[in-house]
Amino acid sequence: QAGPNDLQTKADRLVQMSICASLARKFPKVTIIGEEELPNGDVSEDLIEDGHCEEILKKPCPTQYTGIKEEELVIWVDPLDGTKEYTEGLLDHVTVLIGIAYGGKAIAGVINQPYYNYEAGANAVLGRTIWGVLGMGAFGFQLTEAPAGKHIVVTTRSHSSALVNECITALNPDHVIRVGGAGNKIIQLIEGKASAYVFASPGCKKWDTCAPEAILHAVGGKITDIRGNSFQYNKEVKHMNSAGVLATLRNYDYYASRIPNTVKESLVP
């Protein structure tokens, strides 16, 4: 009898195999770090994606990145972000995240929502891809700001704790949205459904934040840990974002100034 965790693991592994093998074949010198530990060995050809997106290739590469060598890039892959929600059928929470880092900094990212519109009826187009590059912008969605003067906090749905809740209470929000997946939470920010993403807990990993960070920063937002430190994405870095996450599209300083010191001291980077 396969339980939800077995299903999740199989889905995670197949998606990661497809992404990592396809990227490695096209860009053999990049470092690719994925969430799943995959066995070595050949990947079946039907998992290899060798196409490309004409829409993206039409855009000029930002000048600061034209001289980058392949071996200087690190790609962080989360094949199925929002796993718990996936197993519970909350399919709109699920994203596939591919983040590209250079010099330890997130510079480009893809958030694919495979089940976007899944409740919109038989004729709706299922799925969408949001992507962005620093210096170019972000695409595939309508950038919208949260209602002015409202403090709407988006946070974890399935990894709550006393510390997570203490931090949110201190922000005195008008409304709290609890959803799964880091990718999904950043989408709430860039589509104006929430004004801050706050997670005072060590659970998040580099592959959760790399792609969303690049997209958020490409449209003028900001993401750090709860203590205000930037995330580093070089290949030697530890995978855990131990000091949590604080992200906003606008008004970062407002939220950062209200994080209690007791919360900051509880979370060590």
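The chain appears in an unreviewed UniProt entry as 3'(2'),5'-bisphosphate nucleotidase 1 from Zosterops hypoxanthus. Quoted verbatim from the Sequence similarities (unreviewed entry) field of the UniProt record, the comment on the chain reads "Belongs to the inositol monophosphatase superfamily." Regarding the chain, the relevant UniProt record gives this comment under Cofactor (unreviewed entry): "Mg(2+)".

Draft legend 1. Looking closely at the environment of T155. Among the structural elements, T155 can be located in strand β7 (residues 152–156). Given the relative accessible area of 0%, T155 is considered buried. Sequence separation between T155 and V245 is 90 residues, and the spatial gap between their C-alpha atoms is 9.6 Å. When sequence neighbours within four positions are dropped, the list of residues in contact with T155 reads V164, I168, V176, I177, R178, V179, K185, V198 and F199. Of note is the side chain of T155, whose polar atom sits 2.7 Å from the backbone oxygen of V198.

Draft legend 2. Looking closely at the domain arrangement of the chain. Parsing the chain into structural domains produces domain 1 (10–139) and domain 2 (152–266). Distance between the C-alpha centres of domain 1 and domain 2: 21 Å. Between domain 1 and domain 2 the total buried area reaches about 2,500 Å² when both faces are included, carbon and sulfur atoms providing 66% of it. Our count for the contact surface shared by domain 1 and domain 2 stands at 3 salt bridges. In this structure, R157 and E88 form a salt bridge, with 2.6 Å as the shortest nitrogen-oxygen distance. The tally of links between domain 1 and domain 2 comes to 9 residue pairs in polar contact (both at pLDDT 80 or more). Among the elements of the structure, β1 (31–34), β2 (73–81), α3 (83–87), β3 (95–102), β4 (105–113), β5 (128–133) and β6 (137–139) are those that each provide at least two residues to the side of domain 1 that touches domain 2. Considering every element that reaches the side of domain 1 that touches domain 2, the biggest residue donor is β4, with 8 residues. Of the residues contributing to the side of domain 1 that touches domain 2, the split by class is 19 nonpolar, 11 polar and 9 charged.

Draft legend 3. Geometry of the pairing of β7. Along β7, 5 of the 5 residues are buried, which leaves the element largely enclosed by surrounding structure. Looking at chain direction, β7 and strand β8 (residues 175–179) are connected through 5 bridges and run parallel. Bridge pairing in β8 places V154 opposite I177. At this point the chain moves from β7, through helix α4 (residues 162–170), to the parallel β8, and the crossover so formed is right-handed. Direction of pairing for β7 relative to strand β9 (residues 196–199): parallel, over a ladder of 2 bridges. Counted as the bridge partner of V153 is A196 from β9.

Draft legend 4. A look at the sheet that holds β3. As summarised here, the arrangement of the 6 strands in space is β1-β2-β3-β4-β5-β6, forming an open sheet in which the pairing is mixed. If you trace the sheet from one side to the other, it starts and ends with β1 and β6, each paired once. Adjacent strand axes in the sheet meet at a mean angle of 15° when their direction is disregarded.

Draft legend 5. Structural detail: the sheet that holds β9. Spatial ordering of the open sheet is given by β8-β7-β9-β11-β10, a layout of 5 strands whose pairing is mixed. Each edge of the open sheet is held by one strand with a lone partner, namely β8 and β10 (222–224). Each adjacent strand pair in this sheet contributes to an overall mean axis angle of 20°, direction not counted. Lying on the sheet, α4 is in contact with β7, β8 and β9; it crosses β7 at an angle near 175°. Sheet strands touched by helix α5 (residues 182–190): β7, β8, β9, β10 and β11 (245–248). Its angle to β9, the strand with the most contacts, is close to 150°.

Draft legend 6. Spatial organisation of the UniProt feature "binding site: Mg(2+)" (unreviewed entry) in the chain. Per the UniProt record, the feature "binding site: Mg(2+)" (unreviewed entry) sits at E35, D78, L80, D81 and D208. For the annotated residues, spread through 174 residues, the largest C-alpha to C-alpha distance comes to 9.7 Å, consistent with a single compact locus. Note on D78: relative accessible area 1%, which makes it buried. Those residues within four positions of D78 in sequence are excluded, and the remaining contacts are E35, T95, V96, L97, W207 and D208. Of the polar contacts made by the side chain of D78, one reaches the backbone nitrogen of L80; its length is 3.2 Å. Among the secondary structure elements, D208 is positioned in helix α6 (residues 206–218). On the accessibility criterion, D208 (9% relative accessible area) is buried. The contact partners of D208, leaving out residues within four places of it in the chain, are D78, D81, L97 and A182. A distance of 2.8 Å separates a polar atom in the side chain of D208 from the backbone nitrogen of K205.

Analysis parameters
- Residues numbered from 1 in each chain as written.
- Predicted model: local features only at pLDDT ≥ 70, side-chain atom pairs only at ≥ 80, totals over all residues.
- Heavy atoms only, no water.
- UniProt positions renumbered as here; feature names shortened; annotations may be inferred.
- Helix = DSSP H or I, 4+ residues; strand = E, 2+ residues; numbered from the N terminus.
- Buried < 20%, exposed > 50% of the residue type's maximum accessible area, 1.4 Å probe, protein only.
- Contact = heavy atoms within 4.5 Å.
- Polar contact = N/O pair within 3.5 Å; in protein donor to acceptor, adjacent residues only side chain to side chain.
- Domains from an automatic or database assignment.
- Buried area = accessible area lost by both parts, 1.4 Å probe.
- Salt bridge = Lys/Arg side-chain N within 4 Å of Asp/Glu carboxyl O.
- Nonpolar A, V, L, I, M, F, W, Y, C, P; charged D, E, K, R; others polar.
- Pairing = 2+ DSSP bridges.
- Right-handed = clockwise from strand over helix to strand, strands pointing away.
- Axes fitted to C-alpha atoms, helices over the stretch in contact; angles between N-to-C directions.

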